[in-house]
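Given next are the chains, with one letter for each unit.
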Amino acid sequence: MTTHMRQEINEIPDAASRLLSRSHDTLQAAGKALRERDPAFLITIARGSSDHAAHFLKYAIEQQAGRAVASIGPSLASIYGKSLKLDQAAAISISQSGKSPDIVALAQSAAASGALTISLTNTQPSPLSDASAHAVDINAGPELAVAATKSFFNSVLAGLAILSEWTADADLQRSIQQLPEKLAQAVTLDWHELAAELGEAESLYMLGRGPSLAIASEAALKFKETSEMHAEAYSSAEVLHGPVALVDRRFPVVTFAARDAALSSVLATADGLAKKGALAFITADGAAHARRLPFVETGHPLTDSLALIVPFYGFVEAWSRSRGFNPDAPPALKKVTETH
């Protein structure tokens with residue numbers, strides 16, 4: 001039987017296309033508002049997979065727009081009752097449901113403190129969209145599996161579309177418009193070689209650098225959610241500052257590498273771990289020792305990074321079932337988590 005999770009992974013190309021068509025005007029308006037406000041810095045407000053989407057957008061905004069981005073803990077407002085001086089800032093809130101009380105509380109606080117507020121939600125109307133000056137419907141459609149897939153993807157894509165409008169980046173805009181076609185290829189990619197080699201592994205590392213570090217973090221979370229498997233995400237630079245001590249023969253390491261400025265250093269790290277005896281895989285050509293995982297090239301470093309999550313989602317859904325789990329309904333988890 002096909003799981004909801006697998007169906008939702010297969011829907012990612014259509015969900016991306018739907019976002020770009022149905023939310024075009026809202027995305028454009030949010031980008032224009034950022035251009036006119038010219039914020040000195042930005043904050044993000046999110047948890048879970050949505051926070052990984054925010055982490056991706058942090059790197060993208062810092063690279064493309066030259067503005068510092070900070071993730072703010074929602075408990076600042078909901079638990080500690082504090083506010084920040086944000087009259088020169090913009091705030092991006094991300095939530096699939098748009099109703100977690102702590103996310104909403106901090107978004108409301110940001111608006112009251114003078115920030116330009118933007119929300120990315122899959123549910124409208126919602127308390128979070130009501131609290132935002134620019135409420136973007138990510139148009140992922142119903143998502144029944146507990147583990148987020150297409151809503152994570154569309155949250156990042158919505159942020160990139162806003163960024164491309166803000167910075168008038170024609171190359172990024174072109175890549176975004178062509179992305180649904182590339183995603184149709186990405187959902188067919190098979191990472192069976194990784195599945196065949198993992199065996200009885202109980203722990204593994206997910207590596208990335210820049211935007212692909214956020215993809216590694218999302219991948220590590222999905223291993224935990226769907227397969228009760230311990231996975232940790234590290235920067236391919238940071239892993240050498242301590243965590244590498246745990247890497248011995250056949251310790252699994254998956255490196256998410258995009259076609260960007262970090263590629264050569266990421267390749268070197270993956271090859272170095274493979275020489276150390278690790279079971280090392282990488283989404284890139286040119287590795288001397290690490291094994292290649294299939295990927296699609298999208299024509300832009302940022303969309304290249306984002307597309308890497310699609311074949312991983314397909315892999316981890318199948319891996320979960322092979323281990324006797326139901327990826328639609330992980331134990332002790334529910335679809336909407338409302339934290340205070």
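Scroll up to find the structure this text is about.
Please read all numbers here as calculations on a predicted model, not as lab measurements.

We now examine the environment of Ile-162. Tracing the sequence through the fold places Ile-162 in helix H8 (residues 150-167). We classify Ile-162 as buried; its relative accessible area is 6%. With 133 residues separating them in the primary sequence, Ile-162 and Ala-29 have C-alpha atoms 8.3 Å apart. Apart from the residues lying within four places of it in its own chain, the contact partners of Ile-162 are Leu-27, Ala-30, Gly-31, Leu-34, Ile-118, Leu-120 and Val-136.

What follows is about helix H11 (residues 211-227). In this model, H11 (17 residues) spans 25 Å end to end at C-alpha, consistent with the 24 Å of a helix rising 1.5 Å per residue. Within two residues after H11, Glu-228 carries a phi angle of roughly 50°, on the positive side.

According to the stated counting rule, one finds 10 aromatic pairs in the structure shown. Geometrically, the ring pair formed by Trp-191 and Phe-256 is tilted, given 6.2 Å between the ring centres and 40° between the ring planes. Here the residue Trp-191 occupies a position in the loop between helix H9 (170-186) and helix H10 (192-198), and Phe-256 occupies one in the loop between strand E8 (252-255) and helix H12 (263-275), the gap between them amounting to 65 residues. For the pair shown, Trp-191 and Phe-256 are each scored as buried. Where Phe-223 meets Phe-315, the ring centres are 5.9 Å apart and the plane angle is 70°; that geometry is what we call edge-to-face. Of this pair, Phe-223 sits in helix H11 while Phe-315 is found in helix H14 (residues 309-322), placing the two residues 92 residues apart along the sequence. The exposure class assigned to Phe-223 is buried, which follows from its relative accessible area of 0%. In this structure Phe-315 comes out as buried when scored by relative accessible area, which is 6%. In this structure an aromatic cluster arises from ring pairing among Trp-191, Phe-223, Phe-256, Phe-312, Phe-315 and Trp-319. Lying over the aromatic face of Phe-295, Arg-259 brings its terminal NZ or CZ to 3.9 Å of the ring centre.

Further remarks concern the nonpolar core. The biggest cluster of nonpolar side chains holds 79 residues, and the ones touching the most others in it are Leu-120, Phe-153, Leu-160, Met-206, Phe-223, Phe-256 and Phe-312. Broken down by element, the residue count for this core peaks at 10 residues, all from H8. Apart from the residues lying within four places of it in its own chain, the contact partners of Phe-153 are Ile-12, Ala-16, Leu-179, Leu-183, Leu-306, Ala-307, Ile-309 and Val-310. Leu-86, Ala-89, Ala-107 and Ala-110 belong to the second-largest nonpolar core, a separate cluster that totals 14 residues.

The 5 strands are arranged E7-E6-E8-E9-E10 in an open sheet whose pairing can be described as parallel. The sheet terminates laterally at strand E7 (230-235) and strand E10 (291-292), the two strands that pair on one side only. Relative to E7, strand E6 (residues 203-208) is paired through 6 bridges, and the arrangement is parallel. Each bridged residue has a counterpart across the sheet, and for Tyr-205 the counterpart in E7 is Glu-232. Along the sheet, H12 contacts E6, E8 and strand E9 (279-282); its crossing angle with E9, the most-contacted strand, is approximately 160°.

To continue, consider the pattern of salt bridges. On inspection of all chains with the given rule, the structure shows 15 salt bridges. Its salt-bridge partner being Lys-58, residue Glu-62 comes within 2.7 Å of it at the nearest N-O pair. Pair noted here: Glu-62 and Lys-58 are both in helix H4 (residues 49-65), with a separation of 4 residues, about one helical turn. Between Glu-317 and Arg-321 there is a salt bridge whose closest N-O contact spans 2.7 Å.

How each quantity is defined
Residues numbered from 1 in each chain as written. Predicted model: local features only at pLDDT ≥ 70, side-chain atom pairs only at ≥ 80, totals over all residues. Heavy atoms only, no water. Helix = DSSP H or I, 4+ residues; strand = E, 2+ residues; numbered from the N terminus. Buried < 20%, exposed > 50% of the residue type's maximum accessible area, 1.4 Å probe, protein only. Contact = heavy atoms within 4.5 Å. Expected span 1.5 Å × (residues − 1). Phe/Tyr/Trp six-rings, centres within 6.5 Å; stacked < 30°, edge-to-face > 60°. Lys NZ or Arg CZ within 6 Å of the ring centre and 35° of its normal. Core = buried A, V, L, I, M, F, W, Y, C linked by side-chain atoms within 4.5 Å. Pairing = 2+ DSSP bridges. Axes fitted to C-alpha atoms, helices over the stretch in contact; angles between N-to-C directions. Salt bridge = Lys/Arg side-chain N within 4 Å of Asp/Glu carboxyl O.

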